[in-house]
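# Structural features, examined
Below are the chains, spelled out letter by letter.
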Amino acid sequence: MTAIGLHNNRRGTFVSRVFTGATWGQVSVALLILAFLLAFLVWPVATVVWVAFTEKGSGVFTLANFVDFFRTDLFIRSFWNSLYVSGMAVVGASMLAMPLAYFTSRFTFRGAGLIQILGFLPLIMPPFVGAVALQLFFGRNGTVNLLLDDWFSFKLGFMEGLNGVIFVQSIHYFPFILINLSAALRNVDRSMEEAAQNLGSYGFRLFRRIVFPLALPGYVAGASLVFVKVFDDLATPLLLNVKDMLAPQAYLRVTSIGITDPMGYVISVVLIVASVVSMWVSSLATRNIDYATTQRGGGGIAKRKLRPLEMALAYALLTFIILLVLAPHVGLLLLSFATIWSFSPLPDGYTVAHYARVFGESSIYIKNTLLYASLAGVIDIVIGTAISYLVLRTKLVGVRGLDLLASAALAIPGVVLGIGYLRAFYGIPLWDGTPLASLWIVIVLALAIRRLPYALRACYAALQQISASLEEAAENLGATKASTVRRIVVPLMTGGLVAGFITSFATAAVELSATLMLVQANQDAPLAYGLYVFMQSAAGRGPGAALGVIAVVIVALSTVASQYVIERDRRAKGGSNSND
Amino acid sequence: MTDTDTQHPGLAVKALDLKIDDISAAYGDNVVLDGINLDIRPGELFALLGPSGCGKTTLLRLIAGFADARHGRIAVGGKEISNLPPWKRDVGMVFQSYALWPHMTVGDNVAFGLRERRLPRAEIKRRVDAALSFVGLTSQIDRRPSQLSGGQQQRVALARTIAIEPKILLLDEPLSNLDAKLRVQVRRELRALQKSLGLTTVIVTHDQEEANTICDRVAVMNAGKVQQVGTPTELYEHPANLFVAQFLGTANVVEGKMTGAGFESDLGVVLALPKGIDVKPNAKPVFRPQDTVLTPKGQSSEGNPSMPGEIVEREFLGSTIRYGVKAGSSHIWIDAPFRSGSSLMEIGEAVDVTIPVERLLWLA
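Quick caveat, the model's predicted, so the values are computed rather than measured.

### Points about the overall build of chain A
A tally of helices and strands in chain A yields 24 helices and two strands. In terms of overall size, chain A behaves like a compact globule, its C-alpha atoms giving a radius of gyration of 25 Å where 580 residues would be expected to give roughly 25 Å. Expressed as a percentage of its 580 residues, the buried residues of chain A come to 47%. At a minimum sequence separation of 6, the contacts of chain A that also span at least 24 residues come to 78%.

### Describing the overall build of chain B
A count of helical and extended segments in chain B gives eight helices and 23 strands. The principal-axis extent of the C-alpha atoms belonging to chain B is close to 80 × 50 × 40 Å. Scored against the burial criterion, the 364 residues of chain B give a buried share of 41%. Considering only residue pairs separated by 6 or more positions, chain B has 67% of its internal contacts joining residues 24 or more positions apart.

### With respect to the packing of helix α6 (residues 127-138) of chain A against helix α8 (residues 161-187) of chain A
Residues and elements named next belong to chain A. In the contact formed by α6 and α8, the axes pass within 10 Å of each other and the chain directions differ by 120°. What the angle tells us is that α6 and α8 run oblique. Taken as a pair, α6 and α8 cross one another with a handedness that is right-handed. Contacts from Pro127, Gly130, Ala131, Leu134 and Phe138 of α6 reach α8 at Phe167, Val168, Gln169, Ile171 and His172.

### Observations regarding the domain arrangement of chain A
Residue and element names in this part refer to chain A. Taken domain by domain, chain A holds domain 1 (31-47 + 357-572) and domain 2 (74-346). With centres defined by C-alpha atoms, the gap from domain 1 to domain 2 works out at 25 Å. If you look at the interface, domain 1 gives 30 residues, while domain 2 gives 31 residues. Elements with a minimum of two residues in the side of domain 1 that touches domain 2: α18 (414-426), α22 (515-518), α23 (527-535) and α24 (541-574). The element contributing the most residues to the side of domain 1 that touches domain 2 is α24, with 11 residues. A per-class count over the side of domain 1 that touches domain 2 returns 23 nonpolar, five polar and two charged.

### Topic: unusual backbone geometry
Note: most peptide bonds trans; most residues except glycine with negative phi. All names here are of chain B. A positive phi angle, near 55°, is found at Asp22, a position not held by glycine. Counting through the fold element by element, Asp22 comes out in strand β3 (residues 18-27). At Asp90, a residue that is not glycine, the phi angle is positive and equals roughly 55°. With respect to the helices and strands, Asp90 occurs in the loop between β7 (79-80) and β8 (91-94).

### Quick look at the interface of chain B and chain A
Taken together, the contacts link 21 residues of chain B with 22 residues of chain A. Sorting the residues of the side of chain B that touches chain A by element identifies β8 and α2 (106-116) of chain B as the ones contributing at least two each. Looking at the side of chain B that touches chain A residue by residue, the class counts come to 12 nonpolar, six polar and three charged.

### As for the domain arrangement of chain B
Interfaces are often sized by the accessible area lost when the parts come together. Structurally, chain B comprises domain 1 (7-243) and domain 2 (250-363). The C-alpha centroid of domain 2 of chain B is placed 40 Å from the C-alpha centroid of domain 1 of chain B.

### Notes on the sheet that holds strand β18 (residues 294-296) of chain B
Backbone hydrogen bonds hold the strands of a sheet together, and the pairing may be parallel or antiparallel. Residue and element names in this part refer to chain B. Spatially, five strands are ordered β18-β22-β19-β20-β21 in an open sheet, and the strand pairing comes out antiparallel. The sheet is open, and its two edges are formed by β18 and β21 (330-337), each paired on a single side. Put simply, the sheet's adjacent strands are angled 45° from each other on average, direction ignored. Here strand β19 (residues 306-316) runs beside strand β22 (residues 350-354); their pairing, made up of five bridges, is antiparallel.

### Overview of the sheet that holds strand β13 (residues 252-253) of chain B
Residue and element names in this part refer to chain B. Strand order in the open sheet formed by three strands is β13-β17-β23, and the pairing between neighbours is antiparallel. Strands with a single pairing partner mark the edges of an open sheet, and in this sheet they are β13 and β23 (361-363). Of the strand pairs in this sheet, β13 and strand β17 (residues 284-287) are connected by two bridges, and their pairing is antiparallel. Bridge pairing links Asn252 to Phe287 in β17.

### Some remarks on the nonpolar core
Ranked by internal contacts, the top residues of the largest apolar core, which has 258 residues, are Val226(A), Ala551(A), Ala159(B) and Leu170(B). With 16 residues, the single largest contributor to this core is helix α19 (residues 440-464) of chain A. If we ignore the near neighbours within four places in the chain, the residues touching Val226(A) are Ala89(A), Val90(A), Ala93(A), Tyr173(A), Phe176(A) and Ile177(A). If you look at the next biggest cluster of nonpolar residues, it comprises 11 residues, including Val254(B), Met307(B), Ala327(B) and Val351(B).

### Some details on the environment of Tyr350(A)
Residue and element names in this part refer to chain A. Following the sequence through the fold, Tyr350 ends up in the loop between α14 (308-337) and α15 (353-359). Take Tyr350: there are 12 C-beta atoms within 10 Å of it, and that puts it in the exposed class. For the pair Tyr350 and Ala338, spaced 12 residues apart in sequence, the C-alpha separation works out to 4.5 Å. Those residues within four positions of Tyr350 in sequence are excluded, and the remaining contacts are Phe337, Ala338 and Thr339.

### Concerning the environment of Ala192(B)
Along the chain, the position of Ala192(B) falls in helix α5 (residues 180-197). Separated by 22 residues in sequence, Ala192(B) and Ile214(B) have C-alpha atoms that sit 9.2 Å apart.

### Quick word on helix α1 (residues 56-64) of chain B
Residue and element names in this part refer to chain B. Judged by how many residues are buried, α1 sits mostly within the fold: seven of nine residues are covered. Among the residues making up α1, those that are buried are Lys56, Thr58, Leu59, Leu60, Leu62, Ile63 and Ala64. Positioned one or two residues after α1, Gly65 has a phi angle of 95°, which is positive.

### Details of the pairing of strand β14 (residues 256-259) of chain B
Inspection of the sheet shows β14(B) paired to strand β15 (residues 262-265) of chain B by four bridges, in the antiparallel sense. Bridge pairing in β15(B) links Met258(B) to Phe263(B).

### Brief notes about the pairing of β8(B)
Residues and elements named next belong to chain B. Judged by which residues are buried, β8 turns out to be covered on both faces: Val91 and Met93 on one side and Gly92 and Val94 on the other are all buried. In this sheet, strand β9 (residues 168-172) lies alongside β8 in parallel orientation, the contact comprising four bridges. Within the sheet, the bridge partner assigned to Gly92 lies in β9 and is Leu169.

About the criteria used
Residues numbered from 1 in each chain as written. Chains lettered and ligands numbered in written order. Predicted model: local features only at pLDDT ≥ 70, side-chain atom pairs only at ≥ 80, totals over all residues. Helix = DSSP H or I, 4+ residues; strand = E, 2+ residues; numbered from the N terminus. Rg over C-alpha atoms; globule rule 2.2 N^0.38 Å. Buried ≥ 20, exposed ≤ 12 C-beta atoms within 10 Å, placed from the backbone. Contact = placed C-beta atoms within 7 Å. Axes fitted to C-alpha atoms, helices over the stretch in contact; angles between N-to-C directions. Parallel < 35°, antiparallel > 145°, perpendicular 65-115°, else oblique. Left-handed = near helix turned anticlockwise from the far one by under 90°. Domains from an automatic or database assignment. Nonpolar A, V, L, I, M, F, W, Y, C, P; charged D, E, K, R; others polar. Pairing = 2+ DSSP bridges. Core = buried A, V, L, I, M, F, W, Y, C linked by C-beta atoms within 7 Å.

This is the structure we're talking about:
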């Protein structure tokens, strides 16, 4: 964000700059985006909050709904369960991520690159899909427990109740901590550590007093992200049949009792508050202290080679974590080819029938997903580019507010957005009398809003890398503002935009929290919804797994593609940026 | 150096000698240091001076223990330290980036090394106060490093280092992160602090002015080797080779070749070799810009030989005017004193450059 404010003196004709600070085109674009955000983010969320604080039917302000919430045992238990599960998932994820982050930043050894792959492997599979696969290996009658029972005559309750949610979420979300902590460790200036050694510090004390405190903000950022994600996740507890947590309760109230029942909205407000608080804690930890200390000494703490015993330990740990991380993937793949897999360590037989079924009658799910996710991605990139351009390249008054508003979607859990859409758009009839909320476009809009903050950051980054003088040169040679954007800015941003689009696309493709609420008809359902429906029944697990494999393949291919685009873009621009 | 034990209030430091004995280092096949020998005297302010990539920083890091030598030893006060890890060396280093820890206050930064040494609380407090008062920052003790100016940060880094009462002080490019105006002031302060502390100090710099103005002695380094060691004036007056002559100040080289009669410039001027001095076969005559005079063509005095040439550049430097003269393939700089009203020569004018035979250096 450092580039903001550098461009204040160059936009618009002299007259328009003096009086309005921007051209009319820019003003109207800003107003359009504002209208979009108000309609599809602010209004639905405001509706949720309004319902939570008003009396049912009369619309009079009341706190009675909240009093009810805190008087109901089920909700109180759900609240504590959600806190407990999120907290323990952070602990579990930390236990997986911390050693990996430390090993890769402190030591050089073969296989360090593997950890980078580990860092995104779990993320390409939606957690609720992983939950089903993990049942097969770690459930009461899963592979591990059957073997344990055979050999030692006891079973372990990995997947029982809340434990199951914690287990699945820890494995799924530890990369967030790994990625953030590794980045923080890489950013610790080498001389910070050397200065401490020079003054007599070494070993674990050095790590505890200098390295860890400097990397702490990165850890807190990752941990709070895990906390929020787990707290908001709807599908994983539902699939594991855990109902007494907050997000499932909100969903069940609205779907079983109806959209007029205020309790679903109260729970939604609690979810939003929890999200905001944990983001606030994270920003407290990272603000003030400008720990991105990389100066001239070169990045990262000093590396050394592992001694033989340490090497053995490292590899043992690495193998254990890899097996754990691969378990859902392997389980899903086996399940998708299995005839029957029950009460046995491995499936009884193999078939491709599930794939035939998925590609046949259920191919509508795949088509819908590709359509929805692409549309959501395009919307995000268009809005993201427009906001970044307005913020970075104009001095339009209040445009920072647009940025904040779009980013605020981060704090809105998917289930809350879903409930908000349902409530806000149900009362609006279309030309044929059906409510707006039942139109598939609404799913696309929800996905777009959910992914907008991430796409916006990608667009920012892409635009920030372009020197403002490149645009000035075009204007100097007679190009209008619109034509400069079209012929200079957008082509130069392409790499970043494509990467941002693919990220939005891939995450929207497996999003379920918001869509679970919004799918009204089976022919409008995306893949994640179909998967969820299949997984409800024992007979549907095979085709469900096949759909899951397809989802993983889509996300994996997208991730590889976006890495490729970013890399190619970086190489292509490498030469031209050096004169900046 | 009669009094080697200087006592500054609060901090007890001993002035020790630093001996670097046949040190070589390499990164892979790239030889960075090649047989370095240096004897740095107790209490001396000593500079390692050279262009970037000459190995000076690597040598400093070797003394602190942050790099590995292929060969050789380093001793402080007669005791070898080359085999100790950095945290056992008691060699205080002030980093180029200062490396102040952002999560600690100024006071905690300065106390860090003392706490690592498990000193009693009272002693830590006494030494932190002494170190901070020594650099004049007592009032900043509770601030964060990010709240201080660049110059103040550097003094905190210095205080942090001297608080442990190190045996040797190392400064890595201490002025490079300061703006030009501050640099002159800080380098004077640095010298005053070092002299009042009496601690043997090695400073790495690529700036000859920095080394010349504050250091007792300078080692000029290039391509992993020490080219020459001496006081700044020795190095300027008697450079050991062409690199040293050109790195310290400006040196004019007369192009040409050795013949039986002596040195014949490419314009045909023959210069006799000096007697009693060993001149290398590939040596060339070298002189400083202020050691010669420029005269309009044909007006040079008969005493010294001269080269015909043409003025191609003219720079106004305040007290002097520097002319660039093209004479054959030699490019000669000549400084003429400037007083208001003195007449200037113009670019394009044909001139004679007098060769100051008695001041010529013969360098290769």
